[in-house]
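Architecture at a glance
Read off the chains here:
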Amino acid sequence: HEIILETRGLTKRFHTSDGRPLTACDSISLAARRGETLGIVGESGCGKSTFVKMLVQLEKPTAGAIYFRGKDIAGLSGEEARRKRQHIQMVFQDPAASFSPKMRVGDIITEPLVNFGRLLRKQRSEKARELLEMVELDADFMQRYPHSMSGGQLQRVGIARALALNPEVLVCDEATSALDVSIQKKIVALLTRLQKEKNIAMIFICHDMALVQSLSHRLAVMYLGNIVETVGGGELCETAMHPYTQALLGSVFSLHMDCCKKIETIPGDPPSPLELPPGCPFAGRCEKRMPVCKAEKPRLKDVAPGHQVACHLY
Ligand code: SF4
Ligand code: MG
């Protein structure tokens with residue numbers, strides 16, 4: 001599958017108000033391919049959202065590159081950045097936060113097309129109908145306002161709006177996390193269908209290991225700003241090697257994942273990214289820690305075709 005979007009060494013450092021540095025993303029190199037879903041999983045605060053904000057140019061990277069179809073877009077600004085941004089669209093956890101409460105759904109979902117000059121106002125209703133059908137909503141939703149809709153319906157509107165510009169990459173940041181499980185399943189089925197039909201690259205960010213695994217072709221596990229393991233989506237249960245990934249799998253309770261039936265929690269709190277120890281970011285919680293782990297940071301290494309791990313055990 002062709003690589004559409006690729007990051008190399010993508011890094012974001014912040015300074016807190018009292019001037020202390022915080023590394024939210026530390027040299028992340030990942031690729032999203034046409035027709036595939038890249039899942040990124042990790043606990044909240046691990047840097048997943050900062051990573052995707054850089055992809056859609058809501059945050060400027062401190063270092064590294066973002067290649068879209070081979071061209072580095074990390075340094076773009078102004079009109080050029082705006083034009084590239086059409087191709088990489090985002091679905092948020094709370095879609096309604098970005099909707100104007102005074103706009104009708106038909107106008108909300110076609111607004112990006114009008115903004116980019118791809119649609120005349122009078123062509124709106126036809127296009128709106130098409131987009132609603134794509135996300136399995138009746139045409140009468142065109143006239144509705146966001147406040148009269150359920151969470152699942154709003155998320156469908158968010159997806160329709162994100163797809164209005166026919167993006168090549170769709171980034172979903174905890175897009176189903178706020179929904180009830182039964183609604184979550186329907187939205188996941190919808191996203192999976194659209195990803196296949198439109199042959200787009202999807203990046204699915206989620207803290208729910210079972211969910212992210214169920215729809216990802218490739219998976220990256222993130223811990224405190226670092227990718228600690230990458231593996232083929234269906235192989236995670238059998239092949240997880242990083243102690244953090246194994247701990248995450250052990251902490252998953254899911255009826256849909258035969259391999260993870262235990263309920264456990266990972267002992268210890270994640271260290272604050274402010275006070276990251278010099279060695280392995282997981283060293284403070286790892287049961288397999290060795291002396292080298294606190295001294296030297298492990299690099300991401302190939303352990304098998306398509307499988308990388310950052311751990312001194314391997
Ligand atoms: Fe544990 Fe060491 Fe591997 Fe880090 S490098 S995950 S501390 S064994
Ligand atoms: Mg987040």
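Remember, predicted model here, so these are calculated numbers, not experimental data.

Our focus in this paragraph is the UniProt feature "domain: ABC transporter" (unreviewed entry) in the protein. Listed under "domain: ABC transporter" (unreviewed entry) in the UniProt record, and renumbered for this structure, are residues 5-249. Here residues 5-249 is 36% helix and 26% strand, with 28 Å between the C-alpha atoms at its ends.

Below, the discussion takes up the sheet that holds strand 7 (residues 88-91). Strands sit in the order 7-8-9-4-10-11-13-12 across an open sheet of eight strands; the sheet is mixed. Every other strand in the sheet has two partners, leaving strand 7 and strand 12 (301-304) as the edge strands with one partner each. Direction aside, neighbouring strands of the sheet carry axes that sit 25° apart on average. When strand 4 (residues 37-41) meets strand 10 (residues 218-223), the two strands line up parallel, connected through four bridges. By the bridge assignment for strand 10, I40 is matched with A220. In this fold helix 5 (residues 151-163) packs onto strand 7 and strand 8 (169-173), with an angle of close to 175° to the strand it touches most, strand 7.

Our focus in this paragraph is the environment of P277. Relative to the helices and strands, P277 is located in the loop between helix 9 (243-250) and helix 10 (291-295). Classification of P277 by C-beta neighbours within 10 Å gives partly exposed; the count is 15. For the pair P277 and A295, spaced 18 residues apart in sequence, the C-alpha separation works out to 8.8 Å.

Here we come to the confidence of the model for the protein. In the predicted model, the protein carries a mean pLDDT of 88, and the fraction of residues at 70 or more is 92%. Note on residues 253-264: pLDDT under 50 across the span, and 17 contacts to partners over four residues away in sequence or across chains. Reported confidence for the predicted complex is 0.95 by ipTM and 0.91 by pTM.

A few words now on the pairing of strand 1 (residues 3-15). The sheet contact formed by strand 1 and strand 3 (residues 31-33) spans three bridges and is antiparallel. If you follow L5 over to strand 3, its bridge partner there is A32. In terms of strand pairing, strand 1 meets strand 2 (residues 21-28) through five bridges, oriented antiparallel. When the sheet's bridge partners are listed, F14 is paired in strand 2 with L22. Count of turn residues in the strand 1/strand 2 antiparallel hairpin: five residues, of which G19 carries a positive phi of about 85°.

Calculation notes
Residues numbered from 1 in each chain as written. Chains lettered and ligands numbered in written order. Predicted model: local features only at pLDDT ≥ 70, side-chain atom pairs only at ≥ 80, totals over all residues. UniProt positions renumbered as here; feature names shortened; annotations may be inferred. Helix = DSSP H or I, 4+ residues; strand = E, 2+ residues; numbered from the N terminus. Pairing = 2+ DSSP bridges. Axes fitted to C-alpha atoms, helices over the stretch in contact; angles between N-to-C directions. Contact = placed C-beta atoms within 7 Å. Buried ≥ 20, exposed ≤ 12 C-beta atoms within 10 Å, placed from the backbone. pLDDT = per-residue confidence, 0-100.

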